[in-house]
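Residue-level listing of the chains:
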Amino acid sequence: MYPQRLLITLLCISCHNLAHSNEATNNISITALSWLDKQHLSQQKEVINDLSTRHFGSHTTGNKSDLNLLQRIIDKQLIKPKERLKLQALGAVLGDVFISQHPSLQWQVYEDTQGRSRAICVSQTQHCLFPITMLSRRIQVGLKPSVQQVYQKALSLIQSHLPQNPYNQTIK
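Calculation criteria
Residues numbered from 1 in each chain as written. Predicted model: local features only at pLDDT ≥ 70, side-chain atom pairs only at ≥ 80, totals over all residues. Heavy atoms only, no water. Pairing = 2+ DSSP bridges. Helix = DSSP H or I, 4+ residues; strand = E, 2+ residues; numbered from the N terminus. Salt bridge = Lys/Arg side-chain N within 4 Å of Asp/Glu carboxyl O. Buried < 20%, exposed > 50% of the residue type's maximum accessible area, 1.4 Å probe, protein only. Axes fitted to C-alpha atoms, helices over the stretch in contact; angles between N-to-C directions. Parallel < 35°, antiparallel > 145°, perpendicular 65-115°, else oblique. Left-handed = near helix turned anticlockwise from the far one by under 90°. Contact = heavy atoms within 4.5 Å. Nonpolar A, V, L, I, M, F, W, Y, C, P; charged D, E, K, R; others polar.

(A) Structural context of the pairing of strand β2 (residues 105–112). Note: strand β1 (residues 29–31) against β2, 3 bridges, orientation antiparallel. In the sheet register, Ser29 faces β2, and the bridge partner there is Glu111. For β2 and strand β3 (residues 115–122), the ladder comprises 8 bridges, and the chain directions are antiparallel. Along β3, the bridge assignment pairs Asp112 with Gly115.

Following this line, the structure appears as structure tokens:
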């Protein structure tokens, strides 16, 4: 009798956990950036702009040419692996590149059971990319990421969720 009770108890616990894990995946909130979020992103982008102006004599442009600039910063190791906020600032610039190339993407606040993040999301969907950490996490573990490859890989992940025109081409 005891093994049957144990089995039933374990089964009930498993079902309970499964139900809660399904709730957790649906418990996502995507909202507009607050004023503080906008200020934070602006300050992060300014860090990279200052760094690139000081070391290369050029500034960020908010378009795809920034990918090369980010790569130069990484290759020259101008930001150390322990400088988390500066590394994440690379991602703020990267996010703007995505948006400049695909206007249906926009900066949003993505909240789930793991916490709150700034993300770029396809308008009116829950499909998001997290550029803030795309480069920083790789650099923090000692890698030298190819910015172009990271950009292309992320774009391939979200491409099917971007609006399409009648000729089945992504709208820019």
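(B) Local environment of the pattern of salt bridges. Counted by the stated rule, this structure contains 4 salt bridges. A salt bridge links Arg118 to Asp37, with the shortest nitrogen-to-oxygen separation between them at 3.1 Å. Note that Arg118 is positioned in strand β3 and Asp37 in helix α2 (residues 35–56), a separation of 81 residues in sequence. On the basis of relative accessibility, which here comes to 23%, the residue Arg118 falls in the partly exposed class. When salt bridges with common partners are traced through the structure, they connect Asp37, Arg116 and Arg118 into a single cluster.

(C) Representation of the packing of helix α3 (residues 66–75) against helix α4 (residues 84–101). Where α3 meets α4, the closest approach of the two axes is 10 Å, and the angle between their N-to-C directions is 160 degrees. The angle between the axes of α3 and α4 places the two elements in the roughly antiparallel class. For the pair α3 and α4, the sense of crossing is left-handed. In contact with Asp66, Leu67, Leu70, Ile73 and Ile74 of α3, α4 contributes Leu90, Val93, Leu94 and Val97. Residue composition of the contact of α3 with α4, grouped by class: 8 nonpolar, no polar and 1 charged.

Interpretation in functional terms is not warranted from these geometric data alone.
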